[in-house]
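Breakdown of the fold
One-letter residues, chain by chain:
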Amino acid sequence: MSLQTAPAGVQGGGIAIALKEAGKDFETAEGLVRALTPTNFNVREGEFTVLLGPSGCGKTTMLRMIAGLEAPTSGTIEVDGRNLWIADKRDNVALADMGMVFQEANLFPWLSIEDNIALPLKLRGVSKSERRQRARELCKLVGITGFEKRYPRELSGGMRQRASIARALSYDPKILLMDEPFGALDAITRDAMNIELQRIWMETSKTIVLVTHSISEAVFLADRIALLSPRPGRIQEIVEVPFARPRAVSVNEDPQFQHIANHLRDRLEH
Amino acid sequence: MSLDTPIVSTVAPQQPAKKRKKEIPTWIGSVTLLVLFLGGWEFYVREFNVSKLILPAPSLVIEAWYASLWLPSTWYHTWITALETMLGFFFAMVFGVALGAMLGKSPRLEKMLNPFIVATQVVPKVALVPLFVVWFGFGITSKVVIAAVLAFFPIMLNTALGVKSVERGYREVLASLNASRLQKITQLEFPSALPYILTGMEMGVVLSIIGAVVGEYLGGSEGLGNLAVKEMNSYNTTALFAVIMHLSALGFVFYAIVVGLRRFLIPWHESAQVKK
Ligand SMILES: Nc1ncnc2c1ncn2[C@@H]1O[C@H](COP(=O)(O)OP(=O)(O)OP(=O)(O)O)[C@@H](O)[C@H]1O
Ligand SMILES: [Mg+2]
């Protein structure tokens, strides 16, 4: 666990997201299911954090609580120092600091790509010309220039996911939350998307929390990996990943990469 | 390179053969079938000397229909039937979409109303037509009510289904963006339910015409349905067929307009894609 040099995105080492004894129990027909045991965890500003763990260990639950889609049943979650959930009602100022990217691109099929990307701005009452302008910039940022007027069904899965990242970035949130955004893509596209995501992160200096169950994706992308274990879901270990940025795909040949990956695999397997 | 050559040469001769097969447009088949049908009908009537009272030859029917197009009364009756259909359809749309949206949004309301919806569904609504004539008189009102009642159900049920079928993932997008209630309706629920509403409208518009015509059969003195009954009573079967043809044309126009809306309103939807 060597100390890493500050990546391009780090702003001041402040805390972007703080989970304080935050936990979640689901009520089901068979009684309470503990999805996440009360957890303490800080996401630092500008940092790329990856939540890694096997299926059912509560990664999505943790991310959805941070994203304001699910209220914690215990503890609190603070975003930029603001309590996100007060008495099961979410604080919309804190919410506006975050953008969510889902596993499915979830683009609205009746909107063109540019209208999809600018949808959050439309909801905020931004003028049409300004939305156009912003959508064009974002298409360039995520590498789908020229597809502004197309409909989602005319794009490949990878391009759709790029558009959904652009949509989450449209209102310039400080934090980007991503739940297995590339889980549905083939391995080659996935590698390409990881490179792109690293570039976008470095260009925009966002704080990113990404969920995955791919060890290599986690090690490639992360500054820090929070390793979760199931039944009941909890953070088992936090692993720092020291490689310099920007990382190339070939970083996975580095012995230290192998070392971290093997360590994570061991921990996941038992 | 040497591998490429045989692949190209085996594909090349197949392609034109495939293309030639595709080049026959399907409408030629449709027209051929229609011509065969009318020809068979004409032949049967002439060969077996079928009475004009039972089955007039298609040539006579077309002639009678064409002649009727020059009578102002034909167009007056057409206008009445069209008006009843449009008004009935309009009210069915207003109430069907509104109630359907409410049912789709509120599972509790749907559960509460479900027995009544099922009950009204299984009642053969055409059986209520005499009742409507008693309540609303022999004028246009009773026909509009019948047309509206018949078209209402498919529109309402399809709207409710559409609102219920909004994808969870899309809802979460708006939830994560903190959209207001109104924004959820205008940005997501309405566009998402629109293909379903259009399906309901396609079913509804046909039922509206049926409702108006059945209403005219039973009471009043106007409309194409009434005209048909008059021709039947005077044993003018050829004219009756002509009225039926005219009604079919009217129905076709209405249906085509609603189906055309699909391309216009939801060009993004799978159902509006032009299939080759
Ligand atoms: N809405 C819910 N109701 C009941 N139980 C739930 C609900 N959502 C999640 N759970 C349970 O909580 C646990 C954690 O689920 P979660 O979706 O967070 O896992 P995950 O780590 O994201 O898994 P995966 O990698 O498969 O996506 C699971 O045991 C799951 O069954
Ligand atoms: Mg998950």
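Residues numbered from 1 in each chain as written. Chains lettered and ligands numbered in written order. Predicted model: local features only at pLDDT ≥ 70, side-chain atom pairs only at ≥ 80, totals over all residues. Heavy atoms only, no water.

**As for the packing of helix 10 (residues 224–233) of chain B against helix 11 (residues 237–265) of chain B**
The description of two helices packed together rests on the angle between their axes and the distance between the axes. All names here are of chain B. Where helix 10 contacts helix 11, the two axes come as close as 8 Å, and the packing angle between them is 165 degrees. The orientation of helix 10 relative to helix 11 falls into the category roughly antiparallel. Considering the relative orientation of helix 10 and helix 11, their crossing is left-handed. Between helix 10 and helix 11, the contacting residues are L224, L227, A228, E231 and M232 on the first element and A239, L240, V243, H246, L247 and L250 on the second. Here the residues of the contact of helix 10 with helix 11 are counted per class, giving nine nonpolar, one polar and one charged. (Axes fitted to C-alpha atoms, helices over the stretch in contact; angles between N-to-C directions. Helix = DSSP H or I, 4+ residues; strand = E, 2+ residues; numbered from the N terminus. Parallel < 35°, antiparallel > 145°, perpendicular 65-115°, else oblique. Left-handed = near helix turned anticlockwise from the far one by under 90°. Contact = heavy atoms within 4.5 Å. Nonpolar A, V, L, I, M, F, W, Y, C, P; charged D, E, K, R; others polar.)

**Details of empty space enclosed by the protein**
Inspection of every chain in the model, using the stated rule, returns four cavities of 30 Å³ or more. If you add up the space inside the largest cavity, you get close to 60 Å³. As for the largest cavity, its lining consists of M100, F102, P120, S164, R167, A168 and Y171 of chain A together with V173, S176 and L177 of chain B. At the level of elements, helix 6 (157–169) of chain A together with helix 8 (168–176) of chain B are the ones that each hand at least two residues to the lining of the largest cavity. Among the elements that make up the lining of the largest cavity, the one with the highest residue count is helix 6 of chain A (three residues). Among the residues forming the lining of the largest cavity, the class breakdown is seven nonpolar, two polar and one charged. (1 Å grid on protein atoms, 1.4 Å probe; cavity = no way out; pocket = protein on both sides within 12 Å on 5 of 7 lines; lining within 4 Å. Points joined across faces, edges and corners; volume = space filled by probe spheres on them.)

**Regarding the nonpolar core**
In terms of nonpolar packing, the biggest core is built from 80 residues, with I17, I77, F108 and L177 of chain A touching the most fellow members. Residue contributions to this core peak at nine residues, all from helix 9 (residues 181–218) of chain B. If sequence neighbours within four positions are ignored, I77 of chain A has contacts with I17, A18, L19, A22, M65, I66, P72, R82, N83, L84 and W85 of chain A. One finds I165, I200, V241 and I260 of chain A within the second-largest nonpolar core, a separate group that totals 47 residues. (Core = buried A, V, L, I, M, F, W, Y, C linked by side-chain atoms within 4.5 Å. Buried < 20%, exposed > 50% of the residue type's maximum accessible area, 1.4 Å probe, protein only.)

**A word on helix 7 (residues 187–204) of chain A**
Residue and element names in this part refer to chain A. Along its 18 residues, helix 7 runs 25 Å from first to last C-alpha, staying within 8% of the 26 Å computed at 1.5 Å per residue. Residues of helix 7 that are buried include every one of R190, M193, N194, E196, L197, Q198, I200 and W201, and no others. For helix 7, the secondary structure elements touched by its buried residues are strand 3 (48–52), helix 5 (128–142), helix 6, strand 9 (175–179), strand 10 (207–212) and helix 8 (215–221). Two to three positions downstream of the cap, the backbone nitrogen of I188 sits 3.2 Å from a side-chain oxygen, assigning the N-cap of helix 7 to D186. Just beyond helix 7, the residue with positive phi is S205, at close to 45 degrees. (Expected span 1.5 Å × (residues − 1). Polar contact = N/O pair within 3.5 Å; in protein donor to acceptor, adjacent residues only side chain to side chain.)

**A closer look at the site of ligand 1**
Residue and element names in this part refer to chain A. Taken together, 13 residues sit near ligand 1, with S55, G56, K59, T60 and T61 positioned nearest. Interatomic distance of 2.8 Å between a backbone N/O atom of G56 and an oxygen atom of ligand 1. Within the contact set of ligand 1, an oxygen atom lies 3.0 Å away from a backbone nitrogen or oxygen of G58. The protein chains hide 63% of the 630 Å² of surface that ligand 1 would expose on its own. Counting only elements with at least two residues in the shell around ligand 1, the list comes to strand 1 (15–28) and helix 1 (59–66). (Near = heavy atom within 4 Å. Areas by Shrake-Rupley, 256 points an atom, 1.4 Å probe, with all protein chains shown as cover.)

**Remarks on the layout of surface pockets**
Residue and element names in this part refer to chain A. Put simply, the largest pocket is a space of about 340 Å³. In terms of lining, the largest pocket is formed by 18 residues, of which the most central are E104, A105, N106, L107 and R160. A per-element tally of the lining of the largest pocket places helix 6 first, with three residues. A class-by-class count of the residues in the lining of the largest pocket yields 10 nonpolar, four polar and four charged.

**As for the pattern of salt bridges**
All names here are of chain A. Taken as a whole and assessed by the stated rule, the structure comprises 24 salt bridges over all chains. For the salt bridge of R64 with E70, the shortest nitrogen-to-oxygen distance reads 3.0 Å. Residue R64 is classed as buried on the basis of its relative accessible area of 12%. The residue E196 makes a salt bridge to R162 at a minimum N-O spacing of 2.9 Å. Taken together, the residues E196 in helix 7 and R162 in helix 6 connect sequence positions 34 residues apart. We classify R162 as buried; its relative accessible area is 16%. Overlapping salt bridges bring together R44, E47, R224 and E240 as one network. (Salt bridge = Lys/Arg side-chain N within 4 Å of Asp/Glu carboxyl O.)

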